[in-house]
Amino acid sequence: MESPSRSSVIIVGAGVSGISAAKVLAENGIEDLVILEATDRIGGRIRKETFTGVSVELGAGWIAGVGGKESNPVWELAAKSGLRTCFSDYSNARYNIYDRSGKIFPSGVAADSYKKAVESAIEKLRIVDANHPFCDATGVHEPPCCPKTPIELAIDFILHDFEMAEVEPISTYLEFGEREFLVADERGYEHLLYKMAQEFLLTSEEGQISDNRLKLSKVVREIQQSKNDGVRVTTEDGCIYEANYVILSASIGVLQSNLISFTPPLPRWKTEAIDNCDVMVYTKIFLKFPYKFWPSGSEKEFFIYAHERRGFYTFWQHMENAYPGSNILVVTLTNGESKRVEAQPDEETMKEAMGVLRDMFGPNIPNATDILVPRWWNNRFQRGSYSNYPIVSNNQLVQDIKAPVGRIFFTGEHTSERFNGYVHGGYLAGIDTSKALLGEMRTEKTEKGRKCENHNFLLEPLLALTGSLTLTQTEAVSNLHKFDISTQLYLSGKLVPVPEPIL
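Residue indices follow the written sequence of each chain, beginning from 1 at its first position. This being a predicted model, a pLDDT of at least 70 is required before a residue's local features are given, and a value of 80 or more before pairs of side-chain atoms are given or counted; all residues contribute to the totals for chains, interfaces and linings. Note that the side-chain values use all heavy atoms of the structure and ignore hydrogens as well as water.

1. Re the overall build of the protein chain
Quick note on the threshold: A run of H or I in DSSP counts as a helix once it spans at least four residues, and a run of E counts as a strand once it spans at least two, with each numbered from the N terminus. Type-normalised accessible area, obtained with a 1.4 Å probe on protein chains alone, sets the label of each residue: buried when under 20%, exposed when over 50%, and partly exposed for intermediate values. Contacts are residue-level and defined by heavy atoms, with any inter-residue pair within 4.5 Å sufficient. What sets the accessible areas is the Shrake-Rupley method with a 1.4 Å probe; for residues, cover comes only from the shown protein chains.
Secondary structure summary: the protein chain contains 14 helices and 21 strands in total. Considering the protein chain as a whole, with its 503 residues, one finds that 50% of them fall into the buried category. Put simply, of all contacts in the protein chain between residues at least 6 apart along the chain, 73% involve residues at least 24 apart. Put simply, the protein chain shows about 23,900 Å² of open surface, and 52% of that area lies on carbon and sulfur atoms.

2. With respect to the nonpolar core
The test is simple: Think of a nonpolar core as a cluster: buried Ala, Val, Leu, Ile, Met, Phe, Trp, Tyr and Cys residues, connected wherever their side-chain atoms sit within 4.5 Å.
By size, the foremost hydrophobic cluster in this structure holds 40 residues, and its most contacted members are V9, I19, L25, I35, Y189, I247 and L437. When residues of this core are assigned to their parent elements, the largest contribution, 7 residues, is made by helix α1 (residues 16–27).

3. Remarks on the pairing of strand β2 (residues 33–36)
As a reminder of what qualifies: Strands pair, by our definition, only if DSSP identifies at least two bridges between them. With the strands aimed away from the viewer, a crossover counts as right-handed if its path from the first strand over the helix to the second runs clockwise.
Taking every second residue as pointing to the same face, both faces of β2 are buried, with L33 and I35 on one and V34 and L36 on the other. In this sheet, β2 lies alongside strand β1 (residues 6–12) in parallel orientation, the contact comprising 4 bridges. Among the inter-strand pairings, I10 is bridged to a residue of β2, identified as V34. For the crossover from β1 across α1 to β2, the handedness is right-handed. The pairing of β2 with strand β9 (residues 214–215) spans 2 bridges and is parallel.

4. Structural notes on the environment of G311
Examined against the element boundaries, G311 turns out to sit in the loop between β16 (302–305) and β17 (315–318). For the pair formed by G311 and A154, sequence separation is 157 residues and the distance between their alpha carbons is 7.1 Å. For G311, the residues in contact, after removing those within four places along its chain, are F157, L333 and E337.

5. Topic: the packing of aromatic side chains
Note the cut-off: Only the six-membered ring of Trp is used, alongside the rings of Phe and Tyr, when aromatic pairs are assigned; centres must lie within 6.5 Å, and planes under 30 degrees apart are stacked while those over 60 apart are edge-to-face, with the rest tilted.
Going through the model one piece at a time under the given rule, you end up with 20 aromatic pairs. With a centroid separation of 6.3 Å and 50° between ring planes, the pair formed by Y282 and Y386 is classed as tilted. Of this pair, Y282 sits in strand β15 (residues 282–288) while Y386 sits in strand β20 (residues 386–388); the two residues are 104 residues apart in sequence, bridging distant segments of the chain. Since its relative accessible area comes to 13%, Y282 is described here as buried.

6. Brief notes about the sheet that holds strand β6 (residues 85–88)
Note the cut-off: Helix axes are fitted to C-alpha atoms over the stretch in contact, other axes to C-alpha atoms as well, and angles between N-to-C directions run from 0 to 180 degrees.
Read from one edge of the open sheet, 3 strands run β5-β8-β6, paired in antiparallel fashion. Taken across any chain shown, the strands that pair with only one partner, and hence form the sheet edges, are β5 (62–66) and β6. Neighbour-to-neighbour, the strand axes of the sheet open up by a mean angle of 30°, direction not taken into account. Note: β5 against strand β8 (residues 179–183), 4 bridges, orientation antiparallel. Residue pairing in the sheet places W62 in a bridge with L182 of β8. Against the sheet, helix α2 (residues 73–81) engages β5, β6 and β8, with an angle of about 120° to β5.

7. Comments concerning helix α4 (residues 150–161)
It helps to recall that an α-helix has 3.6 residues per turn; residues three or four apart then point in one direction. Let me state the cut-off plainly: Helices are assigned an expected span. That span is 1.5 Å times one less than the residue count.
Taking 1.5 Å per residue as the helical rise, α4 with its 12 residues ought to reach 16 Å, and the 16 Å between its terminal C-alpha atoms agrees with that figure. Across the 12 residues of α4, 9 count as buried, placing the element largely inside the fold. Considered for burial, the residues of α4 that qualify are I151, L153, A154, I155, D156, F157, I158, L159 and D161.

8. A look at a positive patch on the surface
Worth spelling out the cut-off: Any residue with relative accessible area above 30% and no salt bridge may belong to a patch, with like charges joined within 9 Å and the nonpolar Val, Leu, Ile, Met, Phe, Trp and Tyr side chains within 5 Å. We count a salt bridge whenever a side-chain nitrogen from Lys or Arg sits within 4 Å of a carboxyl oxygen from Asp or Glu. His is not counted, nor are the chain ends; Lys and Arg add positive charge and Asp and Glu add negative charge. Taken as the charge centre is NZ of Lys, CZ of Arg, CG of Asp or CD of Glu, depending on the residue.
On the surface, R6, K227, K448 and K451 cluster together to form a positively charged patch. Residue position: R6 is located in strand β1.

9. Focus on the pairing of β1
Working note: regular strand, side chains alternate between the two faces of the sheet. Burial of β1 is extensive: 6 of the 7 residues sit out of reach of the surface. As defined by bridge partners, β1 adjoins strand β12 (residues 240–248) across 6 bridges and the pair is classed as parallel. The residue bridging I11 from the neighbouring strand is I247, located in β12.

10. Concerning the confidence of the model for the protein chain
Put simply, the rule reads: Looking at any residue, its pLDDT shows the predictor's confidence there, from 0 to 100.
Mean pLDDT for the protein chain: 87, with 83% of residues reaching 70 or above. Low pLDDT, under 50, characterises residues 134–141; the predicted model gives this stretch 12 contacts beyond four residues in sequence or across chains.

11. Some details on the sheet that holds β15
Read across the sheet, 6 strands follow the order β7-β16-β17-β18-β15-β19 without closing on themselves; strand pairing throughout is mixed. Looking along the sheet, the strands with just one partner apiece sit at the ends: β7 (97–98) and β19 (370–372). By the bridge criterion, 3 bridges tie β15 to β19 in an arrangement that is antiparallel. From the neighbouring strand, K288 faces β19, where its bridge partner is D370. Sitting on the sheet, helix α9 (residues 335–342) touches β15 and β18 (328–334), and the angle it makes with β18 is about 115°. Against the sheet, helix α10 (residues 346–361) engages β7, β15, β16, β17, β18 and β19, with an angle of about 95° to β16.

12. Concerning helix α11 (residues 395–402)
Keep this limit in mind: Each C-beta atom gives one direction from the helix axis, and the arc is the one those directions make.
For α11, every residue scored as buried is listed here: L397, V398, D400 and I401. Down the axis of α11, the smallest arc covering the buried residues is 165°, so these residues share one side. Each element contacted by the buried residues of α11 is listed here: α7 (252–256), α8 (268–275) and β21 (408–410).

13. Overview of the UniProt feature "binding site: FAD" (unreviewed entry) in the protein chain
For clarity, the threshold we go by: UniProt positions are given in the numbering used here, feature names are shortened, and annotations may be inferred rather than shown by experiment.
The residues that UniProt annotates with the feature "binding site: FAD" (unreviewed entry) are S17, E37, A38 and V220. Secondary-structure assignment places S17 in helix α1. Residue S17 is classed as buried on the basis of its relative accessible area, which comes to 6%. With residues near it in sequence (within four places) discarded, S17 still touches S249, T411, G412, E413, G426, Y427 and G430. Here E37 lies in the loop between β2 and β3 (48–51). Those residues in contact with E37 that sit more than four places away from it in its chain are G13, A14, G15, K215, L216, S217 and K218.

Spelled out as structure tokens, the structure:
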């Protein structure tokens, strides 16, 4: 077990927020920092895995927000690193909607259904935002019609789970642009984090991080803090780390769980804000086939399955644009369907997925030869994919979630007011949190300096009196604590109107 070692800052979590936060601190001279990461790798919810010889992204997979008036900082990092990406055009997906008999809905029908869904969603947002009850001409409004048919349910899923920008202005697209690029690089999305880390952590010639300030497989279970003594962090293996401050980059799902305890407990306003933020679960299931049987081409990259159950293996993507000849399909599930699939064996999931594909492409298509099912919800170090604030929420909720509590500072994509849920949101949040902490550290240093000056000012007239004392008296004074001098002067009979030092 490691004995307590003192650092300026402990950073909990080595995802994009933790790494960007640590980089800013190091650039500003705070080198005695420690990064505690629960897993055996950096990256957090940016994670690649080799699947049948192809590098696939289990978590974040796109750089969203490209081509606008401002440059997306993650896009800049990707360009600097030469990260390979492919443009993704979601807009065609609405015209590739299959019913259960394998027929594609006519484009006119799909377009009309999509238009009605957008209008309904906008109306619902307007009513909720204005806090108006639903009422009709008689004074009692009916809510906007809910999707009922398979195509309505499919479009509702696309609209709210993939293209919410069609309904509500999203800062990412307004500021950085509406284009999205899929990361298709064998080095993985995580390569950007390793490049960042290499700028301030010792790295071997092979690119492996060897700096002992990065501690992997360290599961933080308790954070204790006191006003005067700083923070004390205890990990699952019994190690203890001490610092002046902590930056906590754990996901909103982890904060809602009981993985990390706080002493003293977090205040009620903080826990209520954390609990009021929704967690989105986003699951990409990868299927490998012996050969391609689906339509190809950039306009066919995404296709939709219309089913009576919303979100039941609805959104599909082929990987031919990213990795030609890979013969891989990806189907995306969210929230309830994600949790359901995570709880069942992969064999059952493959059976369900194959049933859907045979509905769309016929009974003679080949069986998948392999499947990969990420489990973000059941991962105790993640507990979901990203934060999802209520569509209509006040600014105070975000402010409370990111506000520090004593010496504990919070960061992560969930603390980004404008870009929550995105990689660039996490990246920028880490930078913002470190800048706030640096400001706090400067303020604390200034206050300590001012207190020291005040003590010296009060002691100067006292120490000046020692010159009139005999040698023996001077020696006696030199052996006293500075706050005992006035008492000694009183006992020696040399009374002077000098105030007591203020503690």
